[in-house]
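In case you want the letters, here they are:
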Amino acid sequence: MKERELAGRKMKILVSIDGSDNSMRALKEAKIYGEAMNAEITILHVLERKIPRHYSTSGKEVAHLLEKQEETGYKLLEEATGHFTECEKEVRTLLKKGDPANQILEVIDSTDFNLVIMGNRGLGAFSRTFLGSVSNKVLNHSDTNVLIVR
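Residues numbered from 1 in each chain as written. Predicted model: local features only at pLDDT ≥ 70, side-chain atom pairs only at ≥ 80, totals over all residues. Heavy atoms only, no water.

**Q** If you had to explain helix α2 (residues 21-37) to someone new, which residues and values would you point to?
**A** Because each turn of an α-helix spans 3.6 residues, side chains separated by three or four positions in sequence point in the same direction. With 17 residues, α2 ought to run about 24 Å at 1.5 Å a step, and its terminal C-alpha atoms sit 24 Å apart, in line with that. Of all the positions in α2, only Asn-22, Ser-23, Ala-26, Leu-27, Ala-30 and Gly-34 are classed as buried. Projected onto a plane normal to the axis of α2, the buried residues spread over an arc of 150° and lie on a single side. Exposed and facing more than 90 degrees away from the buried side of α2 are Asp-21, Lys-28, Ile-32 and Ala-36. (Helix = DSSP H or I, 4+ residues; strand = E, 2+ residues; numbered from the N terminus. Expected span 1.5 Å × (residues − 1). Buried < 20%, exposed > 50% of the residue type's maximum accessible area, 1.4 Å probe, protein only. Arc of directions from axis to C-beta.)

**Q** I'd like to hear about the pattern of salt bridges, residue by residue, with values.
**A** Within the structure shown, the criterion is met by four salt bridges. Salt-bridge contacts for Glu-86 lead to Lys-31; the nearest nitrogen and oxygen are separated by 3.0 Å. With Glu-86 in the loop between α3 (59-81) and β3 (91-97) and Lys-31 in helix α2, this residue pair connects regions lying 55 residues apart in the sequence. Across the salt bridge formed by Lys-68 and Glu-71, the nearest N and O atoms sit 3.6 Å from each other. Here Lys-68 and its partner Glu-71 are both found in helix α3, three residues apart, which amounts to about one turn of the helix. You can call Lys-68 partly exposed: its relative accessible area is 38%. The partly exposed category is assigned to Glu-71, whose relative accessible area is 40%. (Salt bridge = Lys/Arg side-chain N within 4 Å of Asp/Glu carboxyl O.)

**Q** Give a detailed account of the sheet that holds strand β1 (residues 12-17), specifying residues and quantitative values.
**A** If you trace the five strands from one edge of the open sheet to the other, you get β3-β2-β1-β4-β5, paired in parallel fashion. Because the sheet does not close on itself, it has two edges, and the strands there are β3 and β5 (145-149). Strand after strand, the sheet turns through a mean of 20° between neighbouring axes, direction not considered. The pairing of β1 with strand β4 (residues 115-119) spans four bridges and is parallel. Its bridge partner lying in β4, Leu-14 is registered against Val-116. Across the face of the sheet, helix α4 (residues 100-110) comes into contact with β1, β2 (40-47), β3 and β4 while running at roughly 150° to β2. Strands in contact with helix α6 (residues 134-141) are β4 and β5; relative to β4, the strand with the most contacts, it is inclined by about 160°. (Pairing = 2+ DSSP bridges. Axes fitted to C-alpha atoms, helices over the stretch in contact; angles between N-to-C directions. Contact = heavy atoms within 4.5 Å.)

Next comes the structure, spelled out in structure tokens:
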């Protein structure tokens, strides 16, 4: 891309977090890239909505657990925006529910992101072959550039 074309282009970065150490490192990378490219940053957290097997199936208890998971998700996003207090651009947050890889791919498809930054869960090659991983699925199914942080 010519320098002139790049200068006028609006840069958008999506950083996906799950609270792990690797996703927190992804936040740091997003800040570095965001400042260097004067990019808009969107921080995404996906609630997988898993109910532990030992948990009662009572409607009230399940609703309470899901409410707590959502509160925790919003708190995680709020803490993540704290990494960007000195940034000139506004930092957006998104909380989605469902399968993490599918939700991340849907968000990528619905917005014109130039870069996706996410942590690697550190699964070994054997586990990744049979189980797959969120970062692997996003990397292999997205047309957008993806930076995997270790």
